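Given next are the chains, with one letter for each unit.
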Amino acid sequence: SLIENRTTEGPFLGLTRASSFSNSIQFAKPGTGGSVVAADFDNDGETDIAATNPNTDNVSVWRNNRAYRITTTQFTALPTIAVGDNPSRIYTGDFDRDGKIDLLIIHSTGATTTQITILQNQSTPGNISFSAPINLTNPSALTVAHVADLDGDGKPEIITTSESGNRFSIFKNIHTSGALSATSFAAPFNTTVTGPRGITTGDLNLDGKPEIILTRAAGFLVVYENLIPTTAISITTQPEALVNACEGSSASFATAATGTTNITYQWQKFDGSVFVNMANNATYSGVTTASLNIANASASQAGDYRCLIRGDLAADVFTNVATLVVNALPSPPVVSDVTNCGPGSVTLTASGGAPGEYRWYTQTPLELIAGEVNEAFTTPVLTASTTYLVSIADAFCESARVPITATIASVPAQPVIASSITPVANTVRVCSSSSLTLTAPAGFPSYLWSTGETTQQISPASSGIYSVTVTNAEGCTSPVSAALTVTIIPEPCNNLPPVIVTTVSGIFVEGVVRVDLTPLISDPDNNLDISSLHLLSNSTTAGAAASISTGNELILDYGGVLFSGKDRIGIEVCDLLGACTQQSLEIDVTGDIVIFNGFSPNGDDFNAFFNIQYIDLFPDTRQNKVTIFNRWGDVVFETTNYDNVNRVFTGISKNGSELQAGTYYYKIEFTSGRKTQTGFISLKR
C-alpha cells in the first residue's frame, strides 16, 4: 500500500478526505510479505519503489511516471528480478560510487539463510535496469543488515547481524572501478555478541565516524564505538593557478598528495555548468595520473581544470581550480630574400613587428641568434647561400618561423671579346670597306659595351677602345673585359693575304719532326702578323700529335703511331689587317722494317718469336714470303704474308717439331719488287 502525504502547515487532520494523508493506494505484487525501499533509481528526479517477494524468490520494481496526485497508474511495474530463495529484507546503497543507487537483499529464511544479494544499478534516466545478482555469503544465518561508510573512504560497507550465530559481521567495500563483483568486498570481519537483532549506525560522539548500535534478544542496547583511525588526503602540490599556452603548443598541470594508500587521480574540466571527468585522447594524456598533459593546445582547451583525488579510508578531495589560457600566435613576419654578388655580409630585413619583438635563428643547426631582436639582421661574411629563420614574439607566444635566404650569387668571370678579325696585341686593324664584329660571351641576359650598346654583338664603325661587361640572371655584373683597340683604315686598303709554301719530307717512323715554318710563310704587303700563326687541329690526319712552339716550329710527334705515307695538318696565319690564309701542309712519312736477329721461345713470353717489326705496316712489305734455313741449307720454316701474330716463326719447324737452339738463316722476299733481305738469327732456349 502507498499513502500520499498531503500535509500542510499545522496539526495532522487524520485519515479523512480532508486529512493530512490520502487513503491507502494499493499496488499488486507477485508475492506476499517482503520488505520495501524507495529511491530515485534512474536519476530522473522522481522516487521509485523496490520490494522483495519472499514466496516467489524475486524483487519487484515500480518506476515513477510523475503525477500531481498519486494513483495506481503513476507507477509502472517492471519485470521482476530473480534473486534466489526467500528474499526477505531489502536495502539501498551506492556501492560503486557511480551516483546510482544499488540494491542489497538478504535471505534470512528459507534454504539459503546466509545469502546476501547485490543488484548493481545500470539505469539511465527513464530506463531502470539492474545487473544479474551478485552473491556474498554471511558466516551464519542472517537476521538483518545495514549499509554505512564506516571507514570514511566514501564507499559504504555492509553490516549484518546473526542472532543464531551470536555475531555481527562487516563486509568492507574494497571496490575500485567498473562492474561490482563478489571481490568488491573483503572477507567479513566478525565480532561476537550474544543474540544480536536490530542494527543501525550513527555518529554518537561527533568525531565524524559512525558508531555501530545493536539490540539484543535479551533486551539490551549495545554500542560499538568506531575506533578506525581518521585518515585524510593532504594535497602537497597544487596545480599552477594560471598557465598561459600558445596555440599549437603543449601545456600541463601537476599535483601531488599524501596521507593514505592507493591514492588515485582524476582530472576534470569545467564544461560551463559542472566539472566533468576527462578521458585520454589525442589532445589529453595522463588524465588519471598526477600530471595532466595537453598537446596541440587550441581555444577549445582553454578553461578551468581541477583534479579529484581519492585514497584508502579517506574522503575525496579536490585540488584548487587551475586556469589554462590559450593565446593566439602573432602573425609571422613578412620577408624578402636578398642576393649578394660574391662572398660578403648580407643585411636581411623583416616587417610586421615592433623593435625588440623579432627573433632571428640559424637554420642548420636551429639556434637562436643572441641579441638579434630588431627588423634588420646583418649576417657574418658568407661564402655560400644560407637560409635563416625569423619570427615575431609577444609576451607569451612566438609566431611561425619564416625562412629568409641570403643568396651568394657567383660573379661572372671577366669576359673575353671575340673578334671576327684576329687581334694583334689587343689591337684590331680593319679596312673601312671590311666588316668587323666584336662578340661578348653567350648565355647572359644583359650586356653593356663601353659604347653604351647592350647587345651581345656589335660592329664598330669608328676607331676606338672597346670593352664590355656581362650581367647574369642573379643580377651580378662581371669585371670589365680587357680593352680592345680598333683601328679603321680608310680606303684604298689594297691588302693581300699571307702566302704559305708547303714542303715537308724525310720523316722517320715513330720519330719527332721539327719544321721551321717561318721560311714557309710570306706576305706580299709586308704586314704579316706572325703571332696569329696557329694550327687548325691538334693532330695530323694519321693521328700524330701536332703543336707550334714559341719559335714558330711545327712539332709532329709520331711516337706510337705506325704509319707510312702522306700525312696532313692544317695551319692558318693572318696579316695585321686581318686578312688570313689557311693551308694544308703535306708530310711525306717514310720508313723501313726492323729485323730482330735473336729470340728465345722458353715460355716466359719475352722475345718469344722472330720479330720483323713494321712488316705488316707498309704497303710494299705486307705481301711477303719468309723462309728459315738451318746451317745445312735445309728449309725448316716457310710462310707467306708474315705478320708477327698469326703467321710467325716461334721455333717450331714446318713439321710441327721443336727446333734445337742454334743459328738459323732467313730470307725475306717481297711481291712488290722491294729488295730481298737475308741474314741470320739466333734461337735460344
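Rules of the game
- Residues numbered from 1 in each chain as written.
- Predicted model: local features only at pLDDT ≥ 70, side-chain atom pairs only at ≥ 80, totals over all residues.
- Heavy atoms only, no water.
- Helix = DSSP H or I, 4+ residues; strand = E, 2+ residues; numbered from the N terminus.
- Buried < 20%, exposed > 50% of the residue type's maximum accessible area, 1.4 Å probe, protein only.
- Pairing = 2+ DSSP bridges.
- Contact = heavy atoms within 4.5 Å.
- Disulfide = S-S within 2.5 Å.
- Patch = residues over 30% accessible without salt bridge, like charges linked within 9 Å, V, L, I, M, F, W, Y side chains within 5 Å.
- Areas by Shrake-Rupley, 256 points an atom, 1.4 Å probe, with all protein chains shown as cover.
- Salt bridge = Lys/Arg side-chain N within 4 Å of Asp/Glu carboxyl O.
- Axes fitted to C-alpha atoms, helices over the stretch in contact; angles between N-to-C directions.

Peer 1: A description of unusual backbone geometry should follow, citing residues and the corresponding values.
Peer 2: The linkage connecting Thr-364 with the following residue, Pro-365, adopts the cis geometry, with an omega of -5°. Tracing the chain through its elements places Pro-365 in the loop between β31 (358-362) and β32 (367-368). Positive phi, normally seen in glycine, also occurs at Leu-206, with a value near 55°. Its location among the elements puts Leu-206 in the loop between β14 (196-202) and β15 (211-216). By relative accessible area, which is 75% here, Leu-206 ends up exposed. With phi around 50°, Asn-641 is a residue other than glycine that occupies positive phi space. Under the relative-accessibility criterion, Asn-641 is labelled partly exposed at 35%.

Peer 1: For the pairing of strand β10 (residues 144-148), give the residues involved together with the corresponding values.
Peer 2: Most of β10 is tucked away: five of the five residues are buried. Direction of pairing for β10 relative to strand β11 (residues 157-162): antiparallel, over a ladder of five bridges. Note on β11: the bridge partner recorded for Val-147 is Ile-158.

Peer 1: I'd like a description of the environment of Pro-239, backed by residues and values.
Peer 2: Mapped onto the fold, Pro-239 is located in the loop between β17 (234-237) and β18 (242-246). When the C-alpha atoms of Pro-239 and Ser-291 are compared, they prove to be 9.1 Å apart, with 52 residues separating the residues in sequence. Setting aside anything within four residues of it in sequence, one finds Pro-239 in contact with Phe-253, Ala-254, Thr-255, Trp-267, Thr-319, Asn-320 and Ala-322.

Peer 1: Describe the state of the cysteines, with residues and values.
Peer 2: Going through the model one piece at a time under the given rule, you end up with three disulfides. What pairs with Cys-341 in a disulfide is Cys-476, and their sulfur atoms sit 2.0 Å apart. Here the S-S torsion is close to -95°, and the disulfide linking Cys-341 with Cys-476 is therefore left-handed. On the criterion of sequence distance, the pair formed by Cys-341 in strand β29 (residues 338-341) and Cys-476 in the loop between β42 (468-471) and β43 (484-489) is long-range, its members being 135 residues apart. Between the sulfur of Cys-574 and that of Cys-580 lies a disulfide, 1.8 Å long from S to S. Residues Cys-574 and Cys-580 are joined through a disulfide that is right-handed, its torsion about the S-S bond being 100°.

Peer 1: For a nonpolar patch on the surface, give the residues involved together with the corresponding values.
Peer 2: Side chains of Leu-204, Leu-221 and Val-223 sit close together on the surface and give an oily, nonpolar patch of about 300 Å² of accessible area. Within the secondary structure, Leu-204 sits in the loop between β14 and β15.

Peer 1: Quick one: what's the story with the sheet that holds strand β9 (residues 134-137), residue by residue and with numbers?
Peer 2: One open sheet accounts for four strands, arranged β6-β7-β8-β9; its pairing is antiparallel. A strand with exactly one partner marks an edge of an open sheet, and here the two such strands are β6 (90-93) and β9. On average, each strand axis in the sheet is inclined to that of its neighbour by 25°, with strand direction left out of account. The pairing of strand β7 (residues 102-106) with strand β8 (residues 115-119) spans four bridges and is antiparallel. If you follow Ile-106 over to β8, its bridge partner there is Ile-116.

By themselves, these observations are geometric and do not establish any function.
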